[in-house]
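Summary of structural features
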Amino acid sequence: MRYISTRGMAPRVDFEGALFSGYAPDGGLFMPEELPQLSTETLRQWSTLSYPGLVKELCTLFIGPELIPRDVLNGLIDQAFSRFRHREVVRLSRLRNGLNVLELWHGVTYAFKDLSLCCTAQFLQYFLEKKEKHVTVVVGTSGDTGSAAIESVQGAKNMDIIVLLPKGHCTKIQELQMTTVLRENVHVFGVEGNSDELDEPIKAVFADVAFVKKHNLMSLNSINWSRVLVQMAHHFFAYFQCVPSLDMDPLPRVEVVVPTGAAGNLAAGCIAQKMGLPIRLVVAVNRNDIIHRTVQQGDFSLSEAVEQTLASAMDIQVPYNMERIFWLLSGSNSQVTRALMEQFERTQSVSLPKELHSKLSGAVTSESVSDEAITQTMARCWEENKYLLCPHSAVAVSYHYQQTEQQPPSLPRCCLAPASAAKFPEAVLAAGLTPETPAEILALESKGTRCTPMRKGDDWTLMLRNTIEDISCQQRGHFLNALE
C-alpha cells in the first residue's frame, strides 16, 4: 500500500513514511493511492469481530505485512488497548426512542483520541526501535488531543513530546490531564491564545524543512494518516452494532452521526463509505460551522473569529481533514484539491465547484448546534435515560432528537460519543445536572503541575525552536553517555 499527497506534488511513500510525515512536503495530506473494496461477504465476516479485531483487519489492509508482520501488528494493537477501562474497548449504549450512543471514551484520558493515538504511538515505537532513532512530537491541542498524545508516549525512550495548549480555552480537567504528567520526555506550554492561534508557531516550525529534518520532528494532530486509519473502525463497529440484519442483499444502511471539529472522524467515515460500508454520514458541529456551511452551500470560508462554546474541543475554524474529503470526492483529483486549498490558504475563502459540492452534499448531511440546544439535549437525555452526555456527544444526539420529532427514523442511527461527561463538569452544570466525577479525575487536583507560559508578546516560534534544540542536545548527550 502506497500513499500519495492530496496535492499531487510529493513523492509516494509507504505507511512508515506517511506515519512520520504529518503533512506531505507539498503541504497536502497523505491518502492511500487506492482504496480496497470490501465485498458483502467480507463485511459479513467482519460483523462478528470485536473493536480491536476490526482495527487489526483495517491496519493489515493499509500497512502491509512487509512493514509490520501480522502477528507483530496484532501484538502492538493489543498492547495499545491494554489500559482501556472497558473490556470491549468501545461500547454501544442503547437508549430510549431509538437513540444509540457509541462510547468511544473508555481510554485513560476519557476521550476518543485515546483510541487512535495509543495505536499510533505503538506503531511509532516499533519503527523507532528498529532504527534506533529518536523523534520529537509537536502537538497543538484544543483540549483532548494533547492529553491523549501525552498519555500514549509518556516515558517512551525514543520520543519527546511538546504540547501547546490554549490557556483558559479548555476545561480545567483537560488542562490538568496535560500539566500533571511530570515525565522527563513531556514538555507542556500554556499559550495565551485559542487553538487556531497556537497552530501558527507549529506551522512556522514545520515550514522550515531543514530544521524539521535535523531534529526529527513530527506531528500527531488529526492530520496524521495513522489516526484517520484507526478511526475508520468506529464506523465499521457502529454499523455492525446497529444494522438490523446482514442477510439482505444489498446490505441495509445505517446512519452515523459524527460530531467533529477538524473532520478527522468524518474523513474516516467517508473512506469507509468509499470502501463499501453502507453508511449514511451526518456531520454535526457547534456554532463554529465552517463544515456545515461547506456541506449546505459549498461555502468553505473562515468566520471572523472562533466562537467559544460548551463543546470546546470542536471550537475550530480550520477543519484540516476536509482536504482529504475534497480529494476523495473529486475522484482523487489532486489538481482540483491543490487549487482549492491554495486559494483557501491565500484568501481564507473558497466556493466549491458545483460538481464537488453536489458530491459532498450527496455523501454527507450536516447540522450546526447552539449551546442552548446542547444543554437541552443533555437535560433531555438525562431525564429520559439517566444517562449523562458530554457536550460534544450532545451535538450529535441533538440531531437525533431533532429528526425523531419530525418523523420516525427510516434508518437505524448511531451517534458517536467522543468524550465522557466526566471531563466537562462545567457543561453538565450549565445543563442543570449534577456532574459525576471518577476518582482518578478527582485525584488530578492534588497532583503537582508543570507548564511553561507562552504569553502574548512572546516570540512563540522562537520559544518552540529553542525547546526543540534543547531536546536534541539532551538526546546527543544521552547517546554519547551510552557510547562511553
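Note that this is a predicted model, so its numbers are computed, not measured.

What follows covers the overall build of the chain. Counting its secondary structure elements, the chain contains 20 helices and 15 strands. Each principal axis of the C-alpha atoms in the chain carries an extent, and together these give about 70 × 50 × 45 Å. For the chain, the residues scored as buried account for 60% of the 484 residues in total. Counting only contacts in the chain whose residues sit at least 6 apart along the sequence, the fraction spanning at least 24 positions is 75%. Distance between charge centroids for the chain: 2 Å, based on 44 positive and 53 negative side chains.

The residues that UniProt annotates with the feature "domain: Tryptophan synthase beta chain-like PALP" (unreviewed entry) are residues 105–399. Between the end C-alpha atoms of residues 105–399 the distance is 20 Å, and the span holds 51% helix and 16% strand.

What follows is about the UniProt feature "domain: Threonine synthase N-terminal" (unreviewed entry) in the chain. Feature annotation in UniProt assigns "domain: Threonine synthase N-terminal" (unreviewed entry) to the following positions: residues 2–81. In residues 2–81, the share of helix is 48% and the share of strand is 8%. The end C-alpha atoms are 27 Å apart.

Once that is clear, we can look at the pairing of strand E3 (residues 91–94). As defined by bridge partners, E3 adjoins strand E4 (residues 100–103) across four bridges and the pair is classed as antiparallel. Note on E4: the bridge partner recorded for Ser93 is Val101. What sits between the antiparallel neighbours E3 and E4 is a turn of five residues, in which Asn97 has the positive phi angle 60°.

Bringing the nonpolar core into the picture now. By size, the foremost hydrophobic cluster in this structure holds 121 residues, and its most contacted members are Phe15, Tyr51, Phe81, Phe123, Trp225 and Phe236. Element by element, the count of residues in this core is highest for helix H10 (residues 225–242), at 12 residues. Those residues in contact with Phe236 that sit more than four places away from it in its chain are Leu38, Leu43, Trp46, Leu54, Leu58, Ala272 and Leu277. In this structure, Val369, Met378, Cys415 and Phe424 belong to the second largest nonpolar core, which totals 34 residues.

Conventions used here
Residues numbered from 1 in each chain as written. Predicted model: local features only at pLDDT ≥ 70, side-chain atom pairs only at ≥ 80, totals over all residues. Heavy atoms only, no water. Helix = DSSP H or I, 4+ residues; strand = E, 2+ residues; numbered from the N terminus. Buried < 20%, exposed > 50% of the residue type's maximum accessible area, 1.4 Å probe, protein only. Contact = heavy atoms within 4.5 Å. Lys, Arg positive; Asp, Glu negative; His and termini not counted. Charge placed at Lys NZ, Arg CZ, Asp CG, Glu CD. UniProt positions renumbered as here; feature names shortened; annotations may be inferred. Pairing = 2+ DSSP bridges. Core = buried A, V, L, I, M, F, W, Y, C linked by side-chain atoms within 4.5 Å.

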